[in-house]
Each structure stands twice: as structure tokens, then as C-alpha cells.
Amino acid sequence: MEGTVGSAALLPVTQTVEFDTALIRKLSQLGPRYTSYPTADRFNAEFGYRDYLQAVTGATARGNMHPLSLYIHIPFCESICYYCGCNKIVTKDRSKAANYLVYLKREIEMQGKLLAGANRIEQLHFGGGTPTYLSDAQMGDLMQHLRRWFNFAPDAEGEYSIEVDPRTVTPERVHSLRRQGFNRISLGVQDFDADVQEAVNRIQPESETVAIIDAARAAGFRSVSVDLIYGLPKQNLHTMEQTLQKVIAADPDRIAIYNYAHMPHLFKPQRRIAEADLPSAETKLDMLALCISRLNEAGYIYIGMDHFAKPTDDLAVAQRQGRLHRNFQGYSTHVGADLVSCGVSAISAIGATYSQNVKTLDEYYEHIEQNELPIARGIKLNMDDLLRRIIIQMLMCNFELSIASIELAYPITFNSYFATELVKLRELEQSGLLTIDEEWITVTPKGRLLIRNICMVFDRYLASAQSARADDSTTQPLRYSKTI
Ligand code: SF4
């Protein structure tokens, strides 16, 4: 399948994306998703608690801290979805969550004290796992605790979001979440087809999901987002067409369509998926083309990577105004905000550092018992990292890069500093993914779906790993998913 989705004559540039099957087939490879640069696999255990304290002290001492983003990780789930690659704990024993909350609240208090005076929050995200594994009362208590230690911007100014598994909430609970302070909600749907749901062990009746979307709208959530996945077992063009019709009829503000990456060597639950049930690579590409085509016809704009939004949604508006940002939760409208994350395995980004919490509950509890933030690893960014981070950020969010703005902000001459990268970019230009002139690198509509390939050119760590691998015949890193 090949064709142009969107028309440059009718729509602003950011709305066009062109699906070129031959090009995607030729260039799709394994690569990072760039929710951070350097990517999390570059974090090291030499970075610890004291480095984090230093980063926070540096940021607060400069006195110019922007409002913060806050991420809270709730790792528990009731049952396992076979496609899952998340860091989660599957248990029906609710006392585990109650115990976790005791420690999570202590971590929040430690962070709140550390950031006192620079603790205004304009963005909050609850992820997991399943945040709504917590009971209504537990969530209310946790939100109160957060307000005790952080200074939240008023509802109209802040973006307070939660990931919801529709199987775990009722319409009444959705209203309660709104009263507790959330104003954005994202729902995991994945696919409405009964056979697909059975093949991934996630039975979720359509009527219940639609009731939750309707309740979110009635409760006054500012944005309702739906997550879908293509490439799941038993999926085909017919099931995808039907799911898309139903999702579009439910009218969410944002739709994310993720590529299922079958990596059973990394994610144990995926071993329960019968490989014979997986759609072929051809069918997957056809499904993606179908998704783009149907969403475009329904008026959704391609934001980038896996994300689509209505033209009136904040993400689309921010992209038009050049203030779209990308962080661990995907695209965001809060440019440059430092991110403080609490909970097991959560990743923070303060100043020129990234840090990640320990991944097991035992280690998490042990650190907090010792009154230490549970940081396991991280990285301090050097000037080259910061430069490449901003370039990757601009390309991912705006699909263009002003060479002059980079030269103004950093003491480099772009053409000589990135001489090697420009050779690779010229090859991608030949393939039609981008154009380069003296002032701009501009991603073309057919390059947008392959934006990860373009960003990979600027990834210094990937380049050095590739030259090291040239000696041992491994061609691609197995920990990454395919770029398309
Ligand atoms: S996909 Fe979500 S709900 Fe399912 S097991 Fe993974 S984290 Fe839990």
C-alpha cells in the first residue's frame, strides 16, 4: 500500500505524513524511541543519590527553576497482558499496594523537602502498571499527600493526567478522579476485537470502554486519549478497520497507535503469544497505513511517532506554535520542565542529569528505610549530550531544525562539528526523508514516520556501539524495537 495521507495544499505542514511502503521496508531498523537522550540504556551505576542531590541543589540555587513535572509510578496490575513490556508487578494481593503507598509517600516527602521553594507543579502524570489498581480512597489520600509537599498550579494551568485501565474503573470512579484533580485521562484499549483480546489475555468489552470515555467527557476531563496497538496476534486489516471505526466514533481528543514489538527474549509474558497468530510484516505495514489514512480522514493530525490529536487539542496547538516537548511520557506541552519521578523504576530528569530509581520493591523499601532516595543509576550530560539532546528534541517535535539557532546557542560550527552526521543525512536526503540547506534541516512528509532513523544519526552512543559491533558481526541491538 502506498499513498499520501494529507495534502500540503490544504493543510499546515505539520499535518502531512506520507506513507511510502518501499521506503519503510528498506529503512526500518531497530532503534531507540528517544523519550530521553542519552537513552536509558546508557545510564550507569556510578551516578547515585549524591549526584541527584547535587543536580537539585544546582537547579534550586540558580533560582530559575521552571515549574516542575511530576511522575508517579504505580507498578501493580490485576492480571497479565501477554504483549506487555512494562515494568509491573502482577498480583491480586491488595495489601502489597497498601505497603507500597507507605514508602511512596515517604519518597514524595523527601523530594518535597528537597525541592522546597522550587516545587510548583504544572504537570503531573500517573503511570504504571495500573494507577487505578489503587482504590478510590488510596488515590484520594495520595493526591492529598502530593498537595502537601508540592504546590500545584490551578486546574486551568496545569496538565494532570492518569493512565486508566477501563477494566478497573466504573463511570463513578472516573468522576471521582476528576474531583481528585486529574484533568486528562488516557485509556488503554489496544483492540476491540474479541479474538485479539483473548489472544493477549485482556478481555475488555467495548461497551464498558465507551462508557468510561463518555464518563470522562461528562466529568469535564480536558483531554481524553486512547491507546491502540497494531501487530497483535489475530489482528488483520478487517479487525483493525472495525476497531478504528469504533474508536473514531467514541471521539477521543488524542489517539496513540503503538507498534507491538515481539521481543520474547526480553519480555517473558510475550512467550505466551503464539507466533503463528502474529500478523506478517506486510500486514503490519498495511495496518499502519490504514490507521494513518482513517485517522487523517477523521480529522486527526499526525503529531509524531505514534501520536495523533484533534487540531484543537493542546498537543496540536503546541506543535503549531513550536513549543512541543518530548519526555518519558511521550509528547508534552511543557517545554523544558524538570521532571521529578517517584516510585519503583521511575526516571527523573533534573538539569543536565537523568536518574532512575531501583527496579525491585525490596530494594526500593530498603533505600527509603535508610532515608535515602532510591536512586540506582543515572547519567550526567556533558555539553555534547546536551547539544544532541536538543537537536533530537527539535526533530522529534517540530520535524525541522534551525542550524542557525543551534550555532547561536552552542559554540560550534554545525557543518564541521557534525561533518560525519551530515554525510549520513545526505544519504537520507537522497532517499527522500529530509532536505538540507544552509539554514534548515527539514523532515519531509515521507520522512516523518521514519523520524527515529533520522534522530539515530545524531546518537553518538549508538554510533560508537555500531563501530564496536562491527567486530563481532552483530548487526543490530536486540533491546530496541523496530522504528516502524
Ligand atoms: S499492559 Fe498495562 S495492564 Fe497489562 S500487564 Fe502491562 S502494565 Fe499491566
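Relevant structure appears above.
Everything numeric here is computed off the predicted structure, so don't read it as measured data.

**A closer look at the overall build of the protein chain**
Then comes step 1: Along the backbone of the protein chain there are 17 helices and 24 strands.
Then comes step 2: Along the first, second and third principal axes, the C-alpha set of the protein chain runs to 55 × 55 × 45 Å.
Then comes step 3: Looking at the protein chain alone, contacts between residues at least 24 apart form 73% of all its contacts between residues at least 6 apart.
Then comes step 4: Once the 50 positive and 57 negative side-chain charges of the protein chain are each reduced to a mean point, those two points are 3 Å apart.

**Describing the nonpolar core**
Then comes step 1: The biggest cluster of nonpolar side chains holds 137 residues, and the ones touching the most others in it are Ile-72, Leu-104, Leu-124, Phe-126, Phe-414 and Leu-425.
Then comes step 2: Sorting elements by how many residues they give to this core places helix α9 (residues 281-297) first, with 8 residues.
Then comes step 3: Here Leu-104 is in contact with Ile-72, Ile-74, Leu-142, Cys-342, Gly-343 and Tyr-364, once residues within four sequence places are set aside.

**A few points about the packing of aromatic side chains**
Then comes step 1: Throughout the structure, instances matching the rule amount to 14 aromatic pairs.
Then comes step 2: Through a chain of ring-to-ring contacts, three or more aromatic side chains come together here, namely Phe-76, Tyr-100, Tyr-103, Tyr-133, Tyr-364 and Tyr-365.
Then comes step 3: Sitting over the face of the ring of Phe-152, Arg-147 holds its NZ or CZ atom 5.0 Å from the ring centroid.

**What about the site of the ligand?**
Then comes step 1: Around the ligand sit Cys-77, Ser-79, Cys-81, Tyr-83, Cys-84, Cys-86, Gly-129, Thr-130 and Arg-202, and those are all the residues in its vicinity.
Then comes step 2: Here the residues of the shell around the ligand are counted per class, giving 5 nonpolar, 3 polar and 1 charged.

About the criteria used
Residues numbered from 1 in each chain as written. Predicted model: local features only at pLDDT ≥ 70, side-chain atom pairs only at ≥ 80, totals over all residues. Heavy atoms only, no water. Helix = DSSP H or I, 4+ residues; strand = E, 2+ residues; numbered from the N terminus. Contact = heavy atoms within 4.5 Å. Lys, Arg positive; Asp, Glu negative; His and termini not counted. Charge placed at Lys NZ, Arg CZ, Asp CG, Glu CD. Core = buried A, V, L, I, M, F, W, Y, C linked by side-chain atoms within 4.5 Å. Buried < 20%, exposed > 50% of the residue type's maximum accessible area, 1.4 Å probe, protein only. Phe/Tyr/Trp six-rings, centres within 6.5 Å; stacked < 30°, edge-to-face > 60°. Lys NZ or Arg CZ within 6 Å of the ring centre and 35° of its normal. Near = heavy atom within 4 Å. Nonpolar A, V, L, I, M, F, W, Y, C, P; charged D, E, K, R; others polar.

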